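# Breakdown of the fold
The residues making up each chain are set out below.
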Amino acid sequence: MGFFDFLKGPNIDQGVEEYTATPGAMLLDVRTPQEYQEGRIPGSKNVPLQSLEQVGQLVEKQDTPLFVYCYSGARSRQAAGVLARMGYTNVKNLGGIAAYTGKVER
């Protein structure tokens, strides 16, 4: 572990693997609908950051494992904080799809 490792964001590839291995988990893409249409991680649901209060329509239970990503990791970090304040207890920020090396669907 290097001195500057704390500056690195989350590893989205590892995060998606963890999402896949977690029963009942949801993968939330908090980018805009246009960005979502341009390419997304398979299985993700689009809940734009500015519409996050509507997440309750998709996720009823507060303890549902939520894995959140955006383009660079900034909006997903914000979204993770908002979701926690909304009472969701199992939220993980995966970071940005820009660093993702897995399959993307359009």
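It should be emphasised that the depicted structure is a prediction, and the values quoted were computed from it without experimental measurement. (Residues numbered from 1 in each chain as written. Predicted model: local features only at pLDDT ≥ 70, side-chain atom pairs only at ≥ 80, totals over all residues. Heavy atoms only, no water.)

## Quick notes on the environment of Ala79
Operational definition: A run of DSSP states H or I qualifies as a helix once it reaches four residues; a run of E qualifies as a strand once it reaches two. Both are numbered from the N-terminal end. Every residue pair with non-hydrogen atoms within 4.5 Å of one another is taken to be in contact.
Among the secondary structure elements, Ala79 is positioned in helix α3 (residues 74-85). Between the alpha carbons of Ala79 and Lys61 there is a distance of 17 Å; along the sequence they are 18 residues apart. If sequence neighbours within four positions are ignored, Ala79 has contacts with Val30, Leu49, Leu52 and Val68.

## Digging into α3
Here is the rule we go by: Take the number of residues in a helix, subtract one, and multiply by 1.5 Å to get its expected span.
With twelve residues, α3 should cover 16 Å at 1.5 Å per step; its first-to-last C-alpha distance of 17 Å lies within 8% of that length. Turning to α3, the residues buried within the fold contact β1 (26-29), β3 (66-70) and β4 (91-96). One or two steps after α3, the chain reaches Gly87, where phi turns positive at roughly 105°.

## Considerations on the environment of Asn46
Defined as follows: Definition of a polar contact: a pair of N or O atoms within 3.5 Å, with one able to donate and the other able to accept a hydrogen when the atoms are protein atoms, and with sequence-neighbouring residues admitted only if both atoms are side-chain atoms.
Mapped onto the fold, Asn46 is located in strand β2 (residues 45-46). Between the C-alpha atoms of Asn46 and Leu27, which are 19 residues apart in sequence, the distance is 8.8 Å. When residues no more than four places from it in sequence are discounted, the contact partners of Asn46 are Asp29, Arg31, Thr32, Pro33 and Tyr36. Within the structure, Asn46 has its side chain in polar contact with the backbone oxygen of Asp29 (distance 3.1 Å). Polar contacts involving the side chain of Asn46 include one to the main-chain carbonyl oxygen of Arg31, which spans 3.0 Å.

## Section: the pattern of salt bridges
Short version of the rule: We define a salt bridge as a contact between a side-chain nitrogen of Lys or Arg and a carboxyl oxygen of Asp or Glu at a distance within 4 Å.
Counted according to the given criterion, the structure contains four salt bridges. A salt bridge links Glu18 to Lys92, with the shortest nitrogen-to-oxygen separation between them at 2.6 Å. Remark: Lys92 occurs in strand β4 and Glu18 occurs in helix α1 (residues 12-20); sequence separation between them is 74 residues. A salt bridge links Arg75 to Glu35; its shortest N-O distance comes to 2.8 Å. With Arg75 in helix α3 and Glu35 in helix α2 (residues 33-38), this residue pair connects regions lying 40 residues apart in the sequence.

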